Amino acid sequence: QVQLVESGGGLVQAGGSLRLSCAASGRTFGSSGMGWFRQAPGKEREVVAMFKWPSGSTYYPDSVKGRFTIARDNAKNTVYLQMNSLKPEDTAVYYCAAKSSLGGAFNYWGQGTQVTVSS
């Protein structure tokens, strides 16, 4: 069983930065099977950063590219999301996600952490 716990959310002014953490427990397939998603009020959940498999390269949508960075600390079994130059439209609940198989879909989810960016 895989359990994911996000932390690091909060309230920040536009232009500021936050660093989210996702601590994983249980059997995972490493950072290659992990990513970050967000869901804003009234909108669908969307991916904001992920490690692709099998290449291991990173993916970012245009809305966050150049501002967000996904990183890993394998020794601590933790994945991070560094968010810089935050905008009010970044306000959302941010979720860490993991896969049960590298070739499959994301099917393990954390409880989410709220990020609010004030204008």
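Up top you'll find the structure we're talking about.
Residues numbered from 1 in each chain as written. Predicted model: local features only at pLDDT ≥ 70, side-chain atom pairs only at ≥ 80, totals over all residues. Heavy atoms only, no water.

(A) Quick look at the environment of tyrosine 59. Structurally, tyrosine 59 is set in strand β6 (residues 58-59). Note on tyrosine 59: relative accessible area 33%, which makes it partly exposed. Other than its neighbours up to four places away in sequence, tyrosine 59 contacts Val47, Val48, Ala49, Met50 and Lys52. (Helix = DSSP H or I, 4+ residues; strand = E, 2+ residues; numbered from the N terminus. Buried < 20%, exposed > 50% of the residue type's maximum accessible area, 1.4 Å probe, protein only. Contact = heavy atoms within 4.5 Å.)

(B) Examining the sheet that holds strand β7 (residues 68-73) more closely. Strands sit in the order β1-β3-β8-β7 across an open sheet of 4 strands; the sheet is antiparallel. Bordering the open sheet on either side are β1 (3-7) and β7, each of which pairs with just one other strand. Recorded for the sheet is a direction-independent mean angle of 20 degrees between the axes of neighbouring strands. Relative to strand β8 (residues 78-83), strand β3 (residues 18-25) is paired through 6 bridges, and the arrangement is antiparallel. Across the sheet, arginine 19 pairs through a bridge with glutamine 82, a residue of β8. (Pairing = 2+ DSSP bridges. Axes fitted to C-alpha atoms, helices over the stretch in contact; angles between N-to-C directions.)

Remember, this is a structural readout, not a statement about activity or role.
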